[in-house]
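Results of the structural survey
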Amino acid sequence: MPHSMVAQLPFRVGQGFDVHAFGEGDHVMLGGVLVLHDRGVLAHSDGDVVLHALCDAMLGALALGDIGQHFPPSDPKWKGADSRQFLRHCLGLVRARGYEMGNVDVTVIGERPKIGPHAAAMRELMAHDLGIVVEQVSVKATTTEKLGFTGRGEGIAAQVVVLLIKR
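Residues numbered from 1 in each chain as written. Predicted model: local features only at pLDDT ≥ 70, side-chain atom pairs only at ≥ 80, totals over all residues. Heavy atoms only, no water.

The name recorded for the protein chain in an unreviewed UniProt entry is 2-C-methyl-D-erythritol 2,4-cyclodiphosphate synthase, from Pseudoxanthomonas indica. A UniProt comment under Pathway (unreviewed entry) is attached to the protein chain, and it reads "Isoprenoid biosynthesis; isopentenyl diphosphate biosynthesis via DXP pathway; isopentenyl diphosphate from 1-deoxy-D-xylulose 5-phosphate: step 4/6." As recorded by UniProt, the Sequence similarities (unreviewed entry) comment attached to the protein chain reads in full: "Belongs to the IspF family." (UniProt positions renumbered as here; feature names shortened; annotations may be inferred.)

In C-alpha cells, the structure reads:
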C-alpha cells in the first residue's frame, strides 16, 4: 500500500502492554488514580502500568515506536514523572496526525490490588485526559490464577487496545 494511502486509513488499531515489579511503598498509580496498596512499584516514573500500556497502544497505532523512545528512563527529567503527561503527549501525536480516539479497552493483570473499586474513577480520568466520554473507556481486571509473577504477587501488568479514527 503506498504511503499516501496509509496516511488516509480511516482507522488504526494499537495494543500496548506494561509491567512493573512491586517494591517499597504504600500505593500504586493505575489509570492516573492513586490506589492504596501495601506495596509500591519499582519504576523510573510513577510506574502507572495502565497509562504506560495506553501510551504504547496509541504510539503503536501510529507506528511511532514505544513509550521508552519518547520518554527514556535514562533521562533524569522523567524521574518520578506523572504518567498523565506522557498520555497528553501521545494524545497530541494522535491529533497532529488527524486522528481522534475511538475507544480504549484496558485489562489490568494481577491478584492485588483489587481494581473493581477504582475502575469508575480510572475510566473517568482517562476519558477526561483523552477528551472523550467515559463510555469510550473500558477498564477490567483479571488474575492469573496465582500463576507467574503476577500470581505470586510480585508485580502488576496491564494490556490496552485502542482504536483511532481519522477525523
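**Quick notes on the side chain of Asp-18**
Inspection of the secondary structure puts Asp-18 in strand 1 (residues 11–23). For Asp-18, which is buried and forms no salt bridge, the nearest opposite charge comes from Lys-79, at a distance of 14 Å. At a separation of 3.2 Å, a polar atom in the side chain of Asp-18 contacts the side chain of His-20. The residues touching Asp-18, leaving out its near neighbours within four places in the chain, are Asp-48, Val-49, His-52, Ala-53, Ile-156, Ala-157 and Ala-158. (Helix = DSSP H or I, 4+ residues; strand = E, 2+ residues; numbered from the N terminus. Buried < 20%, exposed > 50% of the residue type's maximum accessible area, 1.4 Å probe, protein only. Lys, Arg positive; Asp, Glu negative; His and termini not counted. Salt bridge = Lys/Arg side-chain N within 4 Å of Asp/Glu carboxyl O. Polar contact = N/O pair within 3.5 Å; in protein donor to acceptor, adjacent residues only side chain to side chain. Contact = heavy atoms within 4.5 Å.)

**Topic: helix 5 (residues 116–130)**
At 3.6 residues per turn, the α-helix brings residues three or four places apart onto the same side. With 15 residues, helix 5 should reach 21 Å at 1.5 Å per residue; the first-to-last C-alpha distance of 21 Å fits that figure. Among the residues making up helix 5, those that are buried are Ala-119, Met-122, Leu-125, Met-126, Ala-127, Asp-129 and Leu-130. If you follow the buried residues of helix 5, they end up packed against strand 2 (27–30), strand 3 (33–36), helix 2 (49–61), helix 4 (83–96), strand 5 (99–109) and strand 6 (137–142). Positioned one or two residues after helix 5, Gly-131 has a phi angle of 70°, which is positive. (Expected span 1.5 Å × (residues − 1).)

**Section: the environment of Arg-112**
Mapping Arg-112 onto the fold places it in the loop between strand 5 and helix 5. By relative accessible area, Arg-112 is classed as partly exposed at 47%. Separated by 73 residues in sequence, Arg-112 and Arg-39 place their C-alpha atoms 9.9 Å apart. Look past the residues within four positions of Arg-112 in its chain and what remains in contact with it is Phe-22, His-37, Asp-38 and Ile-156.

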